[in-house]
Amino acid sequence: MKKGILSERPTPRQIVRFFGMMLSGRITRSILEKWLGDVSDKRPDVDWLRVYGLLGMTDAYVSEVARLDVAARSGFWTVPVVRGLTINKIVEALRKSGVDVYTYTNDLDAAVPTNERDPNKESYIVSFKETIEADLEFANLSADDLVSRGIKASTLLEHLLLWLWFVINTGGRLDVKDVTLCAGSRDSGGGVPNAWAA
């Protein structure tokens, strides 16, 4: 390199910072795709039939998904929540998949009776920002803050379902460093449940 001409290569400090941002979820796969253009290593296959098969709900999934608009959105994971799905079924499937799941009760469905959306009433679609860790946009906000701002938060059931899909399709885990506050749910005492990888 000639004297006085700066290198265009990133510095070691910039590289460390870049990988730190990727690991924290601040740089997502969709952001990388925008930077790099079309790449062959796209997001994991969205194999919800496999997930619902593990949940013992293949027939329900096939009949319900036909009437739901399950369109993918760039930068988001689209999650079909099928009528009849329960938190207890998801926890059982996570355990069958080799995930150590610790709960404060044996019946999470009874312990978490209040949810913004409920698959016992109808099937629906919900989308999550494509990030491994809790959404940094809402860091340091309480469940009450989210409600007062009109922000629809994930329910415990939805977050655990996304977790199950992620485990099955990538072998990885969500919430490795942070805790996701499932502010769309309330336990029987009015508290907000949360989830993280042990």
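Here's a quick rundown of the structure. (Residues numbered from 1 in each chain as written. Predicted model: local features only at pLDDT ≥ 70, side-chain atom pairs only at ≥ 80, totals over all residues. Heavy atoms only, no water.)

Moving on, we get to the packing of helix 5 (residues 87–96) against helix 8 (residues 156–170). Contact geometry for helix 5 and helix 8: axes closest at 9 Å, N-to-C directions at 25°. With respect to helix 8, the element helix 5 is oriented roughly parallel. Note on packing geometry: the crossing formed by helix 5 with helix 8 is left-handed. Residue-level contacts link Ile 87, Ile 90, Val 91, Ala 93 and Leu 94 of helix 5 to Leu 156, Leu 157, Leu 160, Leu 161, Trp 163, Leu 164 and Val 167 of helix 8. Residue composition of the contact of helix 5 with helix 8, grouped by class: twelve nonpolar, no polar and no charged. (Axes fitted to C-alpha atoms, helices over the stretch in contact; angles between N-to-C directions. Helix = DSSP H or I, 4+ residues; strand = E, 2+ residues; numbered from the N terminus. Parallel < 35°, antiparallel > 145°, perpendicular 65-115°, else oblique. Left-handed = near helix turned anticlockwise from the far one by under 90°. Contact = heavy atoms within 4.5 Å. Nonpolar A, V, L, I, M, F, W, Y, C, P; charged D, E, K, R; others polar.)

This brings us to the pairing of strand 3 (residues 124–129). The alternating pattern of strand 3 places Tyr 124, Val 126 and Phe 128 on a buried face and Ile 125, Ser 127 and Lys 129 on a face that is not buried. The sheet contact formed by strand 1 (residues 76–81) and strand 3 spans six bridges and is antiparallel. Considered in strand 3, the bridge of Phe 76 is made with Lys 129. (Buried < 20%, exposed > 50% of the residue type's maximum accessible area, 1.4 Å probe, protein only. Pairing = 2+ DSSP bridges.)

Positionally, Glu 137 belongs in the loop between strand 3 and helix 7 (143–148). The spatial distance from the C-alpha of Glu 137 to the C-alpha of Arg 26 is 9.8 Å, given a sequence separation of 111 residues.

Tracing the backbone shows Arg 186 in strand 5 (residues 185–186). There is no salt bridge for the buried Arg 186, and the closest opposite charge comes from Asp 144, which lies 4.2 Å off by N-O distance. A polar contact of 2.7 Å, which involves the side chain of Arg 186, links it to the backbone oxygen of Ala 183. Each residue touching Arg 186, except ones within four places of it in the same chain, is listed here: Val 112, Pro 113, Thr 114, Ala 143, Asp 144, Val 147, Gly 191, Val 192 and Pro 193. (Lys, Arg positive; Asp, Glu negative; His and termini not counted. Salt bridge = Lys/Arg side-chain N within 4 Å of Asp/Glu carboxyl O. Polar contact = N/O pair within 3.5 Å; in protein donor to acceptor, adjacent residues only side chain to side chain.)

Quick look at the layout of surface pockets now. Volume-wise, the largest pocket comes out at about 700 Å³. Taken together, 31 residues make up the lining of the largest pocket; nearest its centre are Ala 134, Asp 135, Phe 138, Ser 154 and Thr 180. Counting residues per element, the ones that place at least two in the lining of the largest pocket are strand 3, helix 8 and strand 4 (180–181). No other element matches strand 3, which puts four residues into the lining of the largest pocket. Of the residues assigned to the lining of the largest pocket, the class counts are 16 nonpolar, six polar and nine charged. (1 Å grid on protein atoms, 1.4 Å probe; cavity = no way out; pocket = protein on both sides within 12 Å on 5 of 7 lines; lining within 4 Å. Points joined across faces, edges and corners; volume = space filled by probe spheres on them.)

Overall, the coordinates contain six aromatic pairs when judged by the stated rule. The interplanar angle of 20° and the centroid separation of 6.0 Å between the aromatic rings of Trp 48 and Trp 165 together place this pair among those described as stacked. Separated by 117 residues along the polypeptide, Trp 48 in helix 3 (residues 48–54) and Trp 165 in helix 8 bring together distant segments of the chain. The exposure class of Trp 48 is buried, given its relative accessible area of 2%. Taking the centre distance of 5.0 Å and the plane angle of 15° together, the rings of Tyr 52 and Tyr 61 count as stacked. In this structure, Tyr 52 and Tyr 61 share a single accessibility class: buried. (Phe/Tyr/Trp six-rings, centres within 6.5 Å; stacked < 30°, edge-to-face > 60°.)

Scanning all chains against the criterion turns up four salt bridges. In this structure, Glu 64 engages Arg 67 in a salt bridge whose closest nitrogen and oxygen atoms are separated by 3.1 Å. What makes Glu 64 buried here is its relative accessible area of 14%. In this structure, the salt-bridge partner of Lys 96 is Glu 92, at a minimum N-O distance of 3.5 Å. Here the residue Lys 96 and the residue Glu 92 both occupy positions in helix 5, the gap between them amounting to four residues, near one helical turn. Each of Glu 116, Arg 117 and Glu 158 takes part in salt bridges that share partners, so that together they form one network.

Turning next to the side chain of Ser 185. Examined against the element boundaries, Ser 185 turns out to sit in strand 5. Among the polar contacts made by the side chain of Ser 185, one reaches the main-chain amide nitrogen of Leu 156 at a distance of 2.9 Å. Beyond its immediate chain neighbours, meaning those up to four positions away, Ser 185 contacts Val 112, Thr 114, Asn 115, Ser 154, Thr 155, Leu 156, Gly 191, Val 192 and Pro 193.

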